[in-house]
Amino acid sequence: MTHRISRGARVLAASLGAGVIVPFAVAAAPAAADPAPTVSCTSDKAGLAAKLQKDITAALANRNGTIAVGLYDRTTNTKCSLRASSAFDSASVVKATVLATLLWDAKKHNRYLTDRETQLATAMITKSDNDATTTLWRQLGVTKVKGFLTAAGMTQTVPGANGYWGLTQITVRDEQKLLALVTAKNTVLSDNSRAYILKLMGQVISSQRWGTPAGAPSSVSVHVKNGWLSRSTHGWRVHSIGTFNGAGHDYMISVLTHGNSTMDYGVATIQGVARVIHKDLVPVTTSTQLYTPTSHPSEAFPAVPSS
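Bear in mind that the values here come from a model prediction, so they are computed numbers and not experimental data.

J.: Any chance you could explain the overall build of the protein here in plain terms?
T.: Counting its secondary structure elements, the protein contains 8 helices and 8 strands. Counting the 307 residues in the protein, one finds 51% classified as buried. When contacts within the protein are restricted to residue pairs at least 6 apart in sequence, those whose partners lie at least 24 apart make up 71%. Just so you have it, the protein exposes about 13900 Å², and 56% of that area is on carbon and sulfur atoms.

J.: Would you explain the nonpolar core in this entry?
T.: Among soluble globular proteins, nonpolar side chains are generally buried collectively. The biggest cluster of nonpolar side chains holds 46 residues, and the ones touching the most others in it are L99, F148, L189 and I197. Mapped by element, the contributors of at least two residues to this core are α3 (95-108), α4 (115-126), α5 (130-152), α6 (172-183), α7 (191-201) and β8 (249-260). In this view, F148 contacts T97, A100, T101, W104, M154, L178, V188 and L189; residues no more than four positions away in its chain are not counted. With 36 residues, the next largest nonpolar core counts A49, I67, I270 and I277 among its residues.

J.: Can you help me understand α6 in this one?
T.: Because an α-helix completes one turn every 3.6 residues, residues spaced three or four positions apart along the sequence face the same direction. Helix length check: α6 (12 residues) gives 16 Å between terminal C-alpha atoms against 16 Å at 1.5 Å per residue, within 8%. The buried fraction of α6 amounts to 9 of the 12 residues, a majority that puts the element mostly inside the structure. Buried within α6 we find V172, D174, E175, Q176, L178, L179, L181, V182 and T183.

J.: Teacher, can you tell me more about the pairing of strand β6 (residues 221-230) here?
T.: In regular strands, side chains alternate between the two faces of the sheet. With respect to burial, β6 is a largely interior element, 9 of its 10 residues being buried. When β6 meets strand β7 (residues 236-246), the two strands line up antiparallel, connected through 10 bridges. Its bridge partner lying in β7, V224 is registered against G242. Between the end of β6 and the start of β7, which pair antiparallel, lie 5 residues, with H234 showing a positive phi angle near 65°.

J.: Mind showing me how you'd approach unusual backbone geometry here?
T.: A negative phi angle characterises most non-glycine residues, just as the trans form characterises most peptide bonds. A positive phi angle, close to 55°, is found at N110, a residue other than glycine. For N110, the location among the structural elements is in the loop between α3 and α4.

J.: Could you clarify how one ought to interpret the state of the cysteines in this entry?
T.: Summed over the entire model, instances satisfying the criterion amount to 1 disulfide. Note on cysteine connectivity: C41 is disulfide-linked to C80, with sulfurs 2.1 Å apart. Around the S-S axis, the bridge from C41 to C80 shows a dihedral of about 115° and counts as right-handed. In this pair, C41 is assigned in strand β1 (residues 40-42) and C80 in strand β3 (residues 78-82), connecting sequence segments 39 residues apart.

J.: Even after reading the chapter, I still don't get the sheet that holds β6, so can you show me in this structure?
T.: Paired through their backbone hydrogen bonds, the strands of a sheet run either parallel or antiparallel. Reading across the sheet, the 6 strands line up as β1-β3-β2-β8-β7-β6 and stay open at both edges, with antiparallel pairing between neighbours. Edge positions in the open sheet fall to β1 and β6, since each of these has one partner strand only. Ignoring strand direction, the axes of neighbouring strands in this sheet form an average angle of 5°. Examined bridge by bridge, β7 and β8 share 10 bridges and lie antiparallel to one another. Its bridge partner being in β8, I241 is matched across the sheet by S254. Along the sheet face, α7 touches β6 and β7 and points at about 70° away from the line of β6.

J.: Sorry if this is basic, but what is going on with the side chain of T212 here?
T.: Within the secondary structure, T212 sits in the loop between α7 and β6. Excluding anything up to four places from it in sequence, T212 contacts V224, S240, I241, G242, F244, I253, V255, I270, A274 and H278.

J.: Would you take a moment to explain the packing of aromatic side chains for this structure?
T.: The description of two aromatic rings rests on the distance between their centres and on the angle between their planes. Applying the stated criterion across every chain, the model contains 5 aromatic pairs. Relative to F148, the ring of W104 lies with its centre 6.1 Å away and its plane at 65°, an arrangement referred to as edge-to-face. Remark: F148 occurs in helix α5 and W104 occurs in helix α3; sequence separation between them is 44 residues. Of the two residues, W104 and F148, neither departs from the other in class, the shared state being buried. Summarising the aromatic geometry, the rings of W228 and W236 are spaced 6.2 Å apart at their centres and angled 80° between planes, so their arrangement reads as edge-to-face. Since its relative accessible area comes to 7%, W236 is described here as buried. By the ring-pair criterion, three or more aromatic residues cluster together here, those being W210, W228, W236 and F301.

J.: What am I meant to see in the environment of T285 here?
T.: Topologically, T285 is positioned in the segment after α8 (263-281). Overall, the relative accessible area of 49% leaves T285 in the partly exposed class. Here the alpha-carbon distance between T285 and P217, two residues 68 residues apart in the chain, equals 9.8 Å.

J.: How do you make sense of the layout of surface pockets when you look at a structure like this?
T.: Sizing a probe to match a water molecule and rolling it over the atoms shows the empty space that remains. Its boundaries defined by the atoms lining it, the second largest pocket holds a volume of some 310 Å³. In this structure, the second largest pocket is lined by L103, A106, K107, N110, R111, Y112, L113, S190, N192, S193 and Y196. Counted by class, the lining of the second largest pocket contains 5 nonpolar, 4 polar and 2 charged residues.

Conventions and cut-offs
Residues numbered from 1 in each chain as written. Predicted model: local features only at pLDDT ≥ 70, side-chain atom pairs only at ≥ 80, totals over all residues. Heavy atoms only, no water. Helix = DSSP H or I, 4+ residues; strand = E, 2+ residues; numbered from the N terminus. Buried < 20%, exposed > 50% of the residue type's maximum accessible area, 1.4 Å probe, protein only. Contact = heavy atoms within 4.5 Å. Areas by Shrake-Rupley, 256 points an atom, 1.4 Å probe, with all protein chains shown as cover. Core = buried A, V, L, I, M, F, W, Y, C linked by side-chain atoms within 4.5 Å. Expected span 1.5 Å × (residues − 1). Pairing = 2+ DSSP bridges. Disulfide = S-S within 2.5 Å. Axes fitted to C-alpha atoms, helices over the stretch in contact; angles between N-to-C directions. Phe/Tyr/Trp six-rings, centres within 6.5 Å; stacked < 30°, edge-to-face > 60°. 1 Å grid on protein atoms, 1.4 Å probe; cavity = no way out; pocket = protein on both sides within 12 Å on 5 of 7 lines; lining within 4 Å. Points joined across faces, edges and corners; volume = space filled by probe spheres on them. Nonpolar A, V, L, I, M, F, W, Y, C, P; charged D, E, K, R; others polar.

Shown next as structure tokens:
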């Protein structure tokens, strides 16, 4: 299902509201183009920030489309960002937020998930099942989703309207906030909830374990959620968020992209970034096995409006 569907005037208005700027000439001589955003990195480990900044920049050289990157490693207090506040249609990446909302709401009511909710949550994350996601989205309602976003400090995330959860607006900054909550003790998600989210993200089927895990050493545990969506504007959106723990590191990566000519092109862009991040954070010997993602990536295609 790779046909493209126009968003229509409503989405155009939303994109203008998000701050899309259309350049125009104000004089006979062409105006100088604004410099492209650059990767920004900081670290408590000497030399690491500069190396990451150089290598991520090199990985993105000559790659088309709009690319946003977030990295945080707790062990070395290393952070990298690129277009951290740029908005993207979420596609299936929002399913991690749906699960977190379900668990947050259950905690508020001091209850466990029902067997039905457990089945739906498992299908939603491990197989990226769209029907299961729609069922949970409707059960929760946008009000509860917004409640979780507020509690999580994810102020840049806007739930999709009219049940179109795949058009939720997300940013790298907020996805990194979500992953930080999932991977460390906090008052928003219980320890059991965090463990459950990580468990399911660690059991994603093989055809969907592409993206940010690419190049992770075998000494690091991998938890991932991906998504893709093709529209008539901005081409293919291809995203991957992941958390990684082991080999003395505890880190999370978010890469969001749109403007890709094909889904595979977006996957290649994400995996190029992921490989250099893993290499710089967790150097390994040549004998260490690296995670190789599937050569046939697959991901559910969320429903979108016809206009």
